[in-house]
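Inside the fold
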Amino acid sequence: MVVSTPQDSPRNSGQSQAGPPEHRQPVTAPAPAPRLAAPLLGPGDPPPATTLNPDAGGPLLLVCDHASRAIPKALGDLGLPEEQLCRHIAYDIGAAEVTRRLAARFGATAVLSGFSRLVIDPNRALEDPTAIPVVSDDVVIPGNRALDAVEQARRVEALFHPYHAAVAAALSDIRGRGQVPVVVSVHSFTPAMRGVARPWHIGVLWDNDPRLPVPLIEALKADGRWCVGDNQPYSGRGTPGGTVETHATPAGYPNVLLEVRQDLIATPEGADLWAQVIGDALVPLLDLPSLATIHHYPRA
């Protein structure tokens, strides 16, 4: 902003006037200080990631992107009632319990997220509009509406990046032992979606690398008890930005994403059973020579 000179002033009229000369100078308001984001996580919050068996000696790495329904205390309840925070929109029901049991059985490293997917979803690319969902399964998330860049960045820095850093560190440790990581991502899915029942007990999601998913599908089907989905109820084909697509696929590591139906693993007994089912199918596969090599499968 610049101070203007009146039209009838001596400067404009050409008339002389005694006194000090007039100086035109800009008049500016102080620039507002940038808003600093307060730390998102406090002493009462869980860590953004938990690593189990970090000193494990094998190549298997388990990851659980949606292990927790926890929300940082600074964000309250995101405007949702408790019953919504207990649903699948907040986390993958039973997935953490299955992951922990598999980690114990194999003595394998596992990385589990420590926060709800409603705060920020670590299994999404940051540019994906559902990374911080405003609506999930027709439920509006009031605490995610109209977030500014500072608040979005606060969630990215406090939660998203540390989780992926933990996954990257676990993979680096395996590679440092001279092994090729075998990545198994554990998720769960709802028995029905928008009124349509899902018949699968377990889904095996994969893209172009068949080394682990194809024999795993065969092993699970050979059990005879289960309806096994090959890229069902979701497809792993051409999906961008997920944990597997970020850490395993570009590096040429064998990988698979498992989806277990939530009603089957919502209890400790169900988690026990499905950790056994998945573990029994994995045992002979982990010794396959093809899993001990790095191989890149071009994406379509």
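Residues numbered from 1 in each chain as written. Predicted model: local features only at pLDDT ≥ 70, side-chain atom pairs only at ≥ 80, totals over all residues. Heavy atoms only, no water.

Along the chain, the regular secondary structure elements total 8 helices and 11 strands. Counting the 300 residues in the chain, one finds 46% classified as buried. Carbon together with sulfur atoms contributes 56% to the accessible area of the chain, which is approximately 14900 Å² in total. (Helix = DSSP H or I, 4+ residues; strand = E, 2+ residues; numbered from the N terminus. Buried < 20%, exposed > 50% of the residue type's maximum accessible area, 1.4 Å probe, protein only. Areas by Shrake-Rupley, 256 points an atom, 1.4 Å probe, with all protein chains shown as cover.)

Below, the discussion takes up the environment of A248. Within the fold, A248 resides in the loop between helix 6 (243-247) and strand 11 (255-261). Sequence separation between A248 and L171 is 77 residues; the distance between their C-alpha atoms is 9.0 Å.

Right, let's get into the nonpolar core. Counting 39 residues, the largest nonpolar core has W274 and I278 as its most contacted members. The element contributing the most residues to this core is helix 8 (residues 268-282), with 7 residues. What W274 contacts, discounting residues up to four positions off in sequence, is H201, I202, W226, V260, L264 and I265. I71, F115, I141 and A170 belong to the second-largest nonpolar core, a separate cluster that totals 36 residues. (Core = buried A, V, L, I, M, F, W, Y, C linked by side-chain atoms within 4.5 Å. Contact = heavy atoms within 4.5 Å.)

With that settled, consider the packing of aromatic side chains. All told, the structure shown has 1 aromatic pair when counted by the stated rule. Centre to centre, the rings of W226 and W274 are 4.6 Å apart; their planes meet at 50°, and the pair counts as tilted. Of this pair, W226 sits in the loop between helix 5 (213-222) and strand 10 (228-230) while W274 sits in helix 8, and the two are 48 residues apart along the sequence. Of the two residues, W226 and W274, neither departs from the other in class, the shared state being buried. Seen from the ring of W206, R237 lies directly overhead, with NZ or CZ sitting 4.2 Å from the centre. (Phe/Tyr/Trp six-rings, centres within 6.5 Å; stacked < 30°, edge-to-face > 60°. Lys NZ or Arg CZ within 6 Å of the ring centre and 35° of its normal.)

Attention now moves to the confidence of the model for the chain. Per-chain confidence: the chain averages 90 in pLDDT, with 87% of residues scoring 70 or above. Taken as a whole, residues 1-23 scores under 50 in pLDDT and shows 17 contacts with residues more than four places along the chain or in a different chain. (pLDDT = per-residue confidence, 0-100.)

The next point concerns the pattern of salt bridges. Between side chains of opposite charge, a pair can form when the charged atoms approach closely. Per the stated rule, a full pass over the model turns up 12 salt bridges. Note that D138 and R194 form a salt bridge whose closest N and O atoms lie 3.7 Å from each other. In this pair, D138 is assigned in the loop between strand 4 (135-136) and strand 5 (139-140) and R194 in the loop between strand 7 (192-193) and strand 8 (196-197), connecting sequence segments 56 residues apart. As far as the burial class goes, D138 and R194 line up, both exposed. Across the pair R261 and D263 runs a salt bridge whose closest N-O atoms are separated by 2.7 Å. (Salt bridge = Lys/Arg side-chain N within 4 Å of Asp/Glu carboxyl O.)

On to the side chain of E245, then. Examined against the element boundaries, E245 turns out to sit in helix 6. With relative accessibility at 19%, the residue E245 sits in the buried group. Apart from the residues lying within four places of it in its own chain, the contact partners of E245 are T239, P250 and R299.

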